[in-house]
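Residue-level listing of the chains:
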Amino acid sequence: SLIILLAVVSLKTYCQSDDDLFSFNYTLAPTGNDDVNFYKTNFKLSLPIKKDILFNTLAFNYHQFNYYDVNFSKDELSSLYELSYKLNHTYLLDDKWSLNSTLGVSLVSNLDNAISFNDIFLNGSLAFIKRVGTKEKPSHFTFGAMYTTITGRPSVLPIINYEKKVNEKFSYQIGFPEAYAQYKLNERSTLKTKLELDGYYGNLSSPVFINISEQVNKVSFSSTSLGLEYNYWMGDCWTIVFSGGYSIINKYKVENNQNESNYKFNTKNQPYFSTGIKFNL
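Reading the values: the criteria
Residues numbered from 1 in each chain as written. Predicted model: local features only at pLDDT ≥ 70, side-chain atom pairs only at ≥ 80, totals over all residues. Heavy atoms only, no water. Helix = DSSP H or I, 4+ residues; strand = E, 2+ residues; numbered from the N terminus. Buried < 20%, exposed > 50% of the residue type's maximum accessible area, 1.4 Å probe, protein only. Contact = heavy atoms within 4.5 Å. Lys, Arg positive; Asp, Glu negative; His and termini not counted. Charge placed at Lys NZ, Arg CZ, Asp CG, Glu CD. pLDDT = per-residue confidence, 0-100.

1. Quick look at the overall build of the protein chain
Each helix and strand counted, the protein chain has zero helices and 15 strands in total. Principal-axis analysis of the C-alpha atoms gives the protein chain an extent of 65 × 35 × 30 Å. Burial status across the protein chain gives 46% buried among its 281 residues. Counting only contacts in the protein chain whose residues sit at least 6 apart along the sequence, the fraction spanning at least 24 positions is 56%. Charged side chains of the protein chain number 26 positive and 26 negative; the gap between the two group centres comes to 8 Å.

Written out as structure tokens, the structure is:
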């Protein structure tokens, strides 16, 4: 059920412009027979410096965890905080090509002790985007690389995807780390199905002992999910979002400072649900 942690609208480290100026999401997973269940609250604010060219994005995530059948102290693992900043820049090379770059920094910690450099993580991306097709039916081909934690620890991963608007109602994207198909039901609502990889890597401010001789310092999570999202425009600016889906693969574990896994939680595939609101001028 830990699939929910990043399956909703959140700060992305790969190269895509943020269209939403403000978003709020609340996520939950139903109680299952795995080791942990949780709730998540997410806020995001994007501040454009120059429209479609330069964006600042601030995001805050608060995770609350409930553990079951775990034989060590869970108090230090009951909450996780994420505070992130990202700068996104798009440089137009010519009328067909552009270069998109992001640079970000995140504080990801349980904040059980004073903030340190171990709580800070860098991320970024660099990708070329080629525009093809027509104005009425545009397409984009994107390829590049990103430094991110979506696999559960900091690593360099490829960015490659093809996005196409087939007609006024249907569009799709295939590639990595996300693929989707979206259908416009009417002037106020859309339905979107998506397959995506997500994850995080966080620091424990104080070591947590899982037995007498072993301690852990990091938390690692990665997931692959298949979901369905419904958007309803209440007006020109405000949108309500409902989403849900099912985890295909998810892994949640705690590690020591040598990135050795000391304990893997039992996180079985389960459904997730989320609701939120977005603002866009």
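The discussion continues.
2. Observations regarding the confidence of the model for the protein chain
For the protein chain, mean pLDDT is 85; residues scoring 70 or higher make up 91% of the total. Here strand E14 (residues 261-264) stands out as the element of the protein chain with the lowest mean pLDDT, 79, in contrast to strand E5 (residues 97-109), whose mean of 96 is the highest. When the criterion is pLDDT under 50, residues 1-18 qualifies, and its contacts beyond four places in sequence or with other chains add up to 97 contacts.

3. Overview of the environment of Val36
One can find Val36 in strand E2 (residues 36-50). C-alpha of Val36 to C-alpha of Tyr272: the two residues are 236 residues apart in sequence and 13 Å apart in space.

4. Describing the side chain of Ser171
Within the element layout of this structure, Ser171 appears in strand E9 (residues 170-176). Setting aside residues no more than four positions away along its own chain, Ser171 makes contact with Lys164, Lys165, Val166, Tyr180, Ala181 and Gln182.

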